[in-house]
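Read off the chains here:
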Amino acid sequence: MTRIALCQIAVSEEPAANLRGAREALERAAAGGADLAILPEATLTRYGRRITDLAEPLDGPFVTGLAEAARAHGLAVVAGVFEPGEGRVHNTAVAIGPGGGIEAAYRKIHLFDSFGARESELVAPGDTPVVVELAGLRVGLVTCYDIRFPELTRTLVDQGAELFAVIAAWGSGPMKEEHWTTLVRARAIENTTWVAAVGQAPNPQVRDGFGIGRSMLVDPMGVVRSDLGPAPAVQTCELDPQITIATRNALPCLEHRRLPVGRS
């Protein structure tokens, strides 16, 4: 069994305040016996033009503060930050080990140029899927809009992912919450793989529409094991690898594939 903490926190525009909130969430995760704690996308600061000024390198104070908390509590952490780039930033999921070391960094591949938003104006896309070993699991990293692209999670499962850690600052709006819950379950079902999806809780002090909550742990059969609803929360839940084995024995769809993934 691996114990995973879904850390559904509200995020402000101030990195220092967000670091305090993140560290408090990690303390609660550790108290709940978590081996791995997952924080949302853009935990460093909310989206907006300020991200180009507030972006930090991975050895900057924000990630360093998360790493210190990970080491103090002996748990692995996944969190979303913005890294400086040439003109544009990178929307990065950083994976930190229980010793405080950076184990991997995934730069978001699919940018949210939809529903009137233009993430690509501020963010440069990454190009490399990432699977990292955390808490005894091979974890595939997925960020928000990425969840709409099944070829990414199929690539991750082919690289040995046993869990998809999905971090998000999901936008609100008509049908958006339904899309989120449906897509998270679909990625679990089609890959017979656990999904831990963690979004920002709504922040009532801002009106940008990012953050709906609804963080979930979904098992390989698509059963929602935990759903945090809209309010800020930290919940620790268990991932049982035997459920993956039983599901894949009953439903060997990964073995039944006939068409390659990719674009011609």
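Analysis parameters
- Think of each chain on its own: its residues are numbered from 1, step by step along the sequence as written.
- Where local features are concerned, this predicted model is filtered to residues with pLDDT of at least 70; where side-chain atom pairs are given and counted, the filter is 80 or more; whole-chain, interface and lining totals use all residues.
- Only hydrogens and water are removed before side-chain values are computed, so all heavy atoms of the structure are retained for them.
- In summary, the pairing rule links any two rings of Phe, Tyr or Trp, Trp by its six-membered ring, whose centres are within 6.5 Å, and it sorts them by plane angle into stacked for under 30 degrees, edge-to-face for over 60 and tilted for everything else.
- Each residue's exposure class comes from its accessible area (1.4 Å probe, protein chains only) as a fraction of the maximum for that residue type: buried when under 20%, exposed when over 50%, partly exposed otherwise.
- For a Lys NZ or an Arg CZ to count as sitting over a ring, it must be within 6 Å of the ring centre and within 35 degrees of the ring normal.
- A strand pair is defined by DSSP finding two or more bridges across the two strands.
- Only runs of H or I of at least four residues qualify as helices and only runs of E of at least two qualify as strands under DSSP, and these elements are numbered from the N terminus.
- In this analysis, axes come from line fits to C-alpha atoms, helices being fitted only over the stretch in contact, and the angle between any two N-to-C directions falls in the range 0 to 180 degrees.
- Our angle categories are set so that under 35 degrees counts as roughly parallel, over 145 as roughly antiparallel, 65 to 115 as roughly perpendicular, and the remainder as oblique.
- In a left-handed crossing the near helix is turned counterclockwise from the far helix by less than a right angle, and in a right-handed crossing that turn is clockwise.
- Note on contacts: a residue pair is in contact if any heavy atoms of the two residues lie within 4.5 Å.
- The residue classification treats Ala, Val, Leu, Ile, Met, Phe, Trp, Tyr, Cys and Pro as nonpolar and Asp, Glu, Lys and Arg as charged. All others, Gly included, are polar.
- UniProt positions are given in the numbering used here, feature names are shortened, and annotations may be inferred rather than shown by experiment.
- Each helix should span, by expectation, one fewer than its residue count multiplied by 1.5 Å.
- Note on definitions: salt bridges are taken to be side-chain nitrogens of Lys or Arg within 4 Å of carboxyl oxygens of Asp or Glu.

Peer 1: I'd like to hear about the packing of aromatic side chains, residue by residue, with values.
Peer 2: Tallied over the entire structure, the rule returns six aromatic pairs. Geometrically, the ring pair formed by Tyr145 and Phe149 is edge-to-face, given 5.2 Å between the ring centres and 80 degrees between the ring planes. Given the relative accessible area of 13%, Tyr145 is considered buried. Through a chain of ring-to-ring contacts, the aromatic side chains of Phe112, Phe115, Tyr145 and Phe149 assemble into a single cluster. The ring of Phe115 carries the charged tip of Lys176 above its face, separated from the ring centre by 4.7 Å.

Peer 1: I'd like a rundown of the pairing of strand E5 (residues 102-107), residues and numbers included.
Peer 2: Bridge analysis of strand E4 (residues 90-96) against E5 gives five bridges, and the strand direction is antiparallel. From the neighbouring strand, Thr92 faces E5, where its bridge partner is Arg107. Hairpin connection, E4 to E5: the antiparallel pair is bridged by five residues, and Gly100 has positive phi, about 95 degrees.

Peer 1: Give a detailed account of the packing of helix H4 (residues 150-158) against helix H5 (residues 176-191), specifying residues and quantitative values.
Peer 2: In the contact formed by H4 and H5, the axes pass within 10 Å of each other and the chain directions differ by 40 degrees. Classified by the angle between their axes, H4 and H5 sit oblique to one another. Relative to H5, the crossing made by H4 is right-handed. The segment H4 lies against H5, with Pro150, Thr153, Arg154 and Val157 engaging Arg187, Glu190 and Asn191. For the contact of H4 with H5, the per-class residue count stands at two nonpolar, two polar and three charged.

Peer 1: Explain the UniProt feature "domain: CN hydrolase" (unreviewed entry) in the protein to me, and be specific about the residues and the numbers.
Peer 2: Here the UniProt feature "domain: CN hydrolase" (unreviewed entry) sits at residues 2-241. For the annotated span residues 2-241, helix accounts for 25% and strand for 28% of the residues, and the straight-line distance between the end C-alpha atoms is 8 Å.

Peer 1: I'd love a proper account of the sheet that holds strand E1 (residues 2-8), names of residues and values included.
Peer 2: In space, the six strands of this open sheet follow the order E5-E4-E3-E2-E1-E12, with mixed pairing throughout. This sheet does not close on itself; its edge strands, each paired only once, are E5 and strand E12 (233-239). Shown here is a sheet whose adjacent strand axes are inclined to one another by a mean of 25 degrees, direction ignored. Alignment of strand E2 (residues 36-38) against strand E3 (residues 76-83), held across three bridges, turns out to be parallel. Its bridge partner being in E3, Ile38 is matched across the sheet by Val78. Against the sheet, helix H3 (residues 61-73) contacts E3, E4 and E5, and its axis sits at roughly 20 degrees relative to E4.

Peer 1: Break down H3 for me, with residues and values.
Peer 2: Here H3 contains 13 residues, and its C-alpha end-to-end distance of 18 Å stays within 8% of the 18 Å for a straight helix at 1.5 Å per residue. Among the residues of H3, Phe62, Val63, Gly65, Leu66, Ala67, Ala69 and Ala70 are the ones counted as buried. Tucked inside the fold, the buried residues of H3 contact helix H1 (15-31), E3, E4 and E5. Following H3 by one or two positions, Gly74 adopts a phi angle in the positive range, close to 65 degrees.

Peer 1: Report on the pattern of salt bridges, specifying residues and quantitative values.
Peer 2: A full pass over the atoms with the stated rule returns 14 salt bridges. The residue Asp113 makes a salt bridge to Arg118 at a minimum N-O spacing of 3.4 Å. Of the residues examined, Arg118 reaches a relative accessible area of 47% and is grouped as partly exposed. Put simply, Glu177 and Arg214 hold a salt bridge, and the shortest N to O gap is 2.5 Å. Note that Glu177 is positioned in helix H5 and Arg214 in the loop between strand E9 (194-199) and strand E10 (216-218), a separation of 37 residues in sequence. One network of salt bridges, in which partners are shared, links Glu41, Lys108 and Glu119.

Peer 1: Run through the sheet that holds strand E11 (residues 224-227), naming residues and quoting values.
Peer 2: Spatially, six strands are ordered E6-E7-E8-E9-E10-E11 in an open sheet, and the strand pairing comes out mixed. The open sheet terminates on both sides in strands that have one partner only, identified here as strand E6 (131-134) and E11. Across the sheet, the mean angle from the axis of one strand to that of its neighbour is 20 degrees, orientation sign disregarded. The sheet contact formed by E6 and strand E7 (residues 137-143) spans four bridges and is antiparallel. Bridge pairing in E7 places Val132 opposite Val139. The strands that H5 touches are strand E8 (163-168), E9, E10 and E11; relative to E10, the one it contacts most, it runs at about 25 degrees.

Peer 1: Tell me about unusual backbone geometry, residues and numbers included.
Peer 2: Non-glycine residue Phe115 carries a positive phi angle of around 50 degrees. Locating Phe115 in the fold gives a position in the loop between E5 and E6. Under the relative-accessibility criterion, Phe115 is labelled exposed at 56%. Residues other than glycine seldom take positive phi values, yet Met175 does so here, at roughly 70 degrees.

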